[in-house]
Amino acid sequence: MTTATHSLSTDTSFDWPLAYQAESLIRDFISAFLLKNSAAQELAKDMSEKTGTDFLEWVDHFTLAPEHEGDLRDAGFIDEPVRAVQKVFYHPLAMLPRVLLQAAGSVDSVPVKLAIRSESVVDFVARHQLSGKIQGGFGDRLREVVISAEHGTTFTAVERLAYRDFVKSENVPGFATEVIAVRELWRSRKRDFPNDEDGVRHAFALQEEAIDRVGADVACELFFAEERVYWELKNRAGRIQKRRQDLLGLGWGNHDHHTFRSSRRFFADLVTFLQNFGFKKRERYYAGAEAGWGAQILEHAVTGITVFADVDLMPEETEIDFSSQRLQEAPVLRTVGLWCALHGDSFLQAGMHHLEARFEFENLRAQLADEGINTMNPFSNFDFLKQAFTQGERWQVNPKRVERLLECGLITKEQATKFLEEGAVGSHLENLQRRGGFKGFNQKSVSVIIEATDPRATSAYSAMTNPK
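From a predicted model like this one, the values you see are computed outputs, not experimental measurements. (Residues numbered from 1 in each chain as written. Predicted model: local features only at pLDDT ≥ 70, side-chain atom pairs only at ≥ 80, totals over all residues. Heavy atoms only, no water.)

Brief notes about empty space enclosed by the protein
Operational definition: Definitions used throughout: a 1 Å grid over protein atoms alone; a cavity as a set of points that fits a 1.4 Å probe which cannot get out; a pocket as an open set with protein on both sides within 12 Å along at least five of seven lines; a lining residue as one with an atom within 4 Å of a point. Grid points are joined across faces, edges and corners, and a volume is the space filled by probe spheres set on the points. In this classification, the charged set is Asp, Glu, Lys and Arg, the nonpolar set is Ala, Val, Leu, Ile, Met, Phe, Trp, Tyr, Cys and Pro, and all remaining amino acids, among them Gly, are polar.
If you walk through the whole model with that rule in mind, you get two cavities of 30 Å³ or more. What the second largest cavity holds in volume is close to 60 Å³. In this structure, the second largest cavity is lined by Glu23, Arg27, Leu56, Glu57, Met95, Leu96, Arg358, Arg434, Arg435, Gly437 and Phe438. Partitioned by chemical class, the residues of the lining of the second largest cavity number four nonpolar, one polar and six charged.

Spelled out as structure tokens, the structure:
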């Protein structure tokens, strides 16, 4: 399969542009479709009222007539060389749906077909009691079902298994069985070993087996599906929001990025593990001496998965590629390092620090409050980017970890007592709203929330918490 990717910069000064013209164009076409298709209009309403999500974030693609090619190009869309009967356009610098150009693909600027993407079309069919036949069987890379056909429009739901093409995937005998086997491989992965090096070696061995069985792209898709399951088990806000989205048969199709906190010891291993799946490095962040952290952003073009990988950094390490150069143990623990020391690496025992998904920011905030989930104050509050954590899920801490930190002089006796009695915040769900197709992050804002979630910074955490 041919996959288009844009040039992913590792320049720390790189910034993603805003694409308001492109988003406005896309929203106009989607709005025109909703006016013609009542099932789509009703689902958009349910998405907003029942899950706090924006219909646009679920749109996989829609069709247009060739006459709109100029408008798309003017807005920054370019050809994507994937397998399709039609010409496919995507925006290389924005998070927006793709557009298929075909004869009679639209009538009076109304797309004749629009597809949303759910994690499972079977779940979607079951939740909505659809009578249409699902095109494609379990294990196929592309599956689709018609939701509604009315007034010359067709509304469908698609499921993609690490697949960006628009033609039926090759039917490989036994592949569905291999998908099940790899899913079970990741779900049953042993994470906690007496020696963490053994845990890392075990993960790499499973990865090699998974890639051999289903290929890197599918192995990646299945790995992150199980990482979300593991995170949900340890995060009440995530379980509640997943249930809300599952009631509409959607799953986590609106995921934005997955945040992995790593010890300095295993950061290079984590990055290598991700690159084995086919991730490419994007921008790097570092905040220097004050914040003491760094992050490497990685993106997987085929699955659309983005990883935000955090690590403690020393001031002199801002001049190196800390994502590939193995970091030595440091004499102090910053926020990320202490989190890993208390809970384990995200790659191993702890699981993700947070999952960030795209929502209607204020809408979700109010809806989660009705469910008893409080949200911290926003750490990004711009027209193009709004971000806030749910109140942290507090985890018990293994006494042996606390004892080891105390013996090494990395925490005080008072901190040790507090961690043993109260535990420490482990994970969050992140409420994010993007506008203008913005793909990036705000380094200053991230520094604020990194500091606020330090297990030692109770006052900073309390100041960020909003019980409304």
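Quick look at the pairing of strand S3 (residues 87-90)
For clarity, the threshold we go by: A strand pair is defined by DSSP finding two or more bridges across the two strands. Each helix is a run of DSSP H or I of at least 4 residues and each strand a run of E of at least 2, with the numbering of both proceeding from the N terminus.
Summarising the sheet, strand S2 (residues 78-79) and S3 pair through two bridges and their orientation is antiparallel. Residue pairing for S3: Ile78 is matched across the bridge by Tyr90. Taken together, the three bridges between S3 and strand S4 (residues 98-101) define a ladder with antiparallel strand orientation. Each bridged residue has a counterpart across the sheet, and for Lys87 the counterpart in S4 is Leu101.

Looking at the nonpolar core
Under the convention used in this document: We define a nonpolar core as any set of buried Ala, Val, Leu, Ile, Met, Phe, Trp, Tyr and Cys residues linked to one another through side-chain atoms lying within 4.5 Å. Note on classification: 1.4 Å probe, protein chains only; a residue is buried when its accessible area is under 20% of the maximum for its type, exposed when over 50%, partly exposed between these limits. Note on definitions: a residue-residue contact is assigned when non-hydrogen atoms from the two residues lie within 4.5 Å.
Residues Trp186, Val218, Phe224, Phe277, Phe279 and Val307 are the most contacted members of the largest nonpolar core, which totals 50 residues. Sort the elements by how many residues they give to this core and helix H7 (residues 216-233) lands first, with seven residues. With near-sequence residues (within four places) excluded, Trp186 lies in contact with Ala203, Leu206, Gln207, Ala210, Ala219, Leu222, Phe223, Glu226, Phe273 and Phe277. Core analysis: the next-biggest nonpolar cluster, separate from the first, contains 37 residues, Ile26, Leu43, Leu56 and Leu96 among them.

So, helix H6 (residues 196-214)
Quick reminder of the rule: Working rule for helices: expected span equals 1.5 Å times residues minus one. Note that the arc is computed from the directions linking the helix axis to the C-beta atoms. Think of a polar contact as two N or O atoms within 3.5 Å of one another; within protein, one of them needs to be a possible hydrogen donor and the other a possible acceptor, and neighboring residues in sequence only count if both atoms come from side chains.
Here H6 spans 27 Å end to end across 19 residues, near enough to the 27 Å set by a 1.5 Å rise per residue. Those residues of H6 that fall on the buried side of the exposure criterion are Asp196, Gly199, Val200, Ala203, Leu206, Gln207, Ala210 and Val214. For H6, the angular spread of buried residues about the axis comes to 125 degrees, placing them on one side. Facing away from the buried side of H6 by more than 90 degrees, the exposed set consists of Arg201, Glu208 and Asp212. If you follow the buried residues of H6, they end up packed against helix H5 (175-187), H7 and helix H9 (267-277). The opening residue of H6 is Asn195, an N-cap whose side-chain oxygen sits 2.9 Å from the backbone nitrogen of Glu197. Positive phi shows up at Gly215, right after H6, with a value of about 90 degrees.

Let's talk about unusual backbone geometry
Keep in mind that most residues, glycine aside, have a negative phi and that most peptide bonds are trans. Positive phi outside glycine occurs at Ser109, with the angle close to 65 degrees. Position of Ser109 among the secondary structure elements: in the loop between strand S5 (106-107) and strand S6 (110-111). Backbone geometry at His151 places phi at a positive 50 degrees, although glycine is not the residue there. Tracing the chain through its elements places His151 in the loop between strand S8 (142-150) and strand S9 (153-160). Look at His151 and you get exposed, because its relative accessible area is 64%.

Quick word on the sheet that holds S4
As summarised here, the arrangement of the seven strands in space is S2-S3-S4-S1-S7-S9-S8, forming an open sheet in which the pairing is mixed. Strand pairing shows two members of the sheet lacking a second neighbour, S2 and S8, which therefore form its edges.

Regarding the packing of aromatic side chains
Applicable threshold: Pairing of aromatic rings covers Phe, Tyr and the six-membered ring of Trp, with a centre-to-centre limit of 6.5 Å; geometry is then stacked below 30 degrees between planes, edge-to-face above 60, and tilted otherwise.
Counted according to the given criterion, the structure contains 23 aromatic pairs. With a centroid separation of 6.1 Å and 50 degrees between ring planes, the pair formed by Phe29 and Phe62 is classed as tilted. With Phe29 in helix H1 (residues 20-36) and Phe62 in strand S1 (residues 59-64), the pair connects residues that are 33 residues apart, well separated along the chain. There is no split in this pair, since Phe29 and Phe62 are both buried. When the ring of Tyr285 is compared with that of Phe308, the centres are 6.2 Å apart and the planes differ by 45 degrees; the resulting orientation is tilted. With Tyr285 in strand S11 (residues 280-286) and Phe308 in strand S13 (residues 305-312), this residue pair connects regions lying 23 residues apart in the sequence.

A look at the side chain of Ser380
Locating Ser380 in the fold gives a position in strand S16 (residues 380-381). Since its relative accessible area comes to 1%, Ser380 is described here as buried. A distance of 2.8 Å separates the side chain of Ser380 from the side chain of Gln387, its partner in a polar contact.

Regarding the layout of surface pockets
For the second largest pocket, the calculated volume is near 840 Å³. As for the second largest pocket, its lining consists of 32 residues, of which Asp196, Cys340, Ala341, Arg401 and Arg404 are closest to the centre. At the level of elements, helix H11 (335-343) and helix H13 (399-407) are the ones that each hand at least two residues to the lining of the second largest pocket. When residues of the lining of the second largest pocket are assigned to their parent elements, the largest contribution, five residues, is made by H11. In terms of residue class, the lining of the second largest pocket is built from 14 nonpolar, seven polar and eleven charged.

Some points on the packing of H5 against H7
Rules: For helices, the fitted axis covers only the stretch in contact; all axes are lines through C-alpha atoms, and the angles between them, taken along N-to-C directions, range from 0 to 180 degrees. Geometric relationships in this document are graded by angle, where less than 35 degrees denotes roughly parallel, more than 145 denotes roughly antiparallel, 65 to 115 denotes roughly perpendicular, and other angles denote oblique. Crossing handedness is defined as follows: a turn of the near helix away from the far one that is anticlockwise and smaller than a right angle gives a left-handed crossing, while the clockwise case is right-handed.
The N-to-C vectors of H5 and H7 enclose an angle of 40 degrees; their axes lie 9 Å apart at closest approach. With respect to each other, H5 and H7 are oriented oblique. Crossing of H5 over H7 shows right-handed handedness. Across the interface between the two elements, Phe175, Val179, Val182, Arg183, Trp186 and Arg187 of H5 pack against Val218, Ala219, Leu222, Phe223, Glu226 and Val229 of H7. When the residues that make up the contact of H5 with H7 are grouped by side-chain class, the tally is nine nonpolar, no polar and three charged.

Quick look at the pattern of salt bridges
Heads up, the condition is: A pair is scored as a salt bridge if a Lys or Arg side-chain nitrogen falls within 4 Å of a carboxyl oxygen belonging to Asp or Glu.
For the coordinates displayed, the defined rule picks out 37 salt bridges. Residue Arg164 is joined to Glu80 by a salt bridge in which the shortest nitrogen-to-oxygen separation is 2.8 Å. Of this pair, Arg164 sits in the loop between S9 and H5 while Glu80 sits in the loop between S2 and S3, and the two are 84 residues apart along the sequence. Neither residue differs from the other here; Arg164 and Glu80 are each classed as buried. The closest approach of N and O atoms between Glu209 and Arg213, which form a salt bridge, is 3.0 Å.

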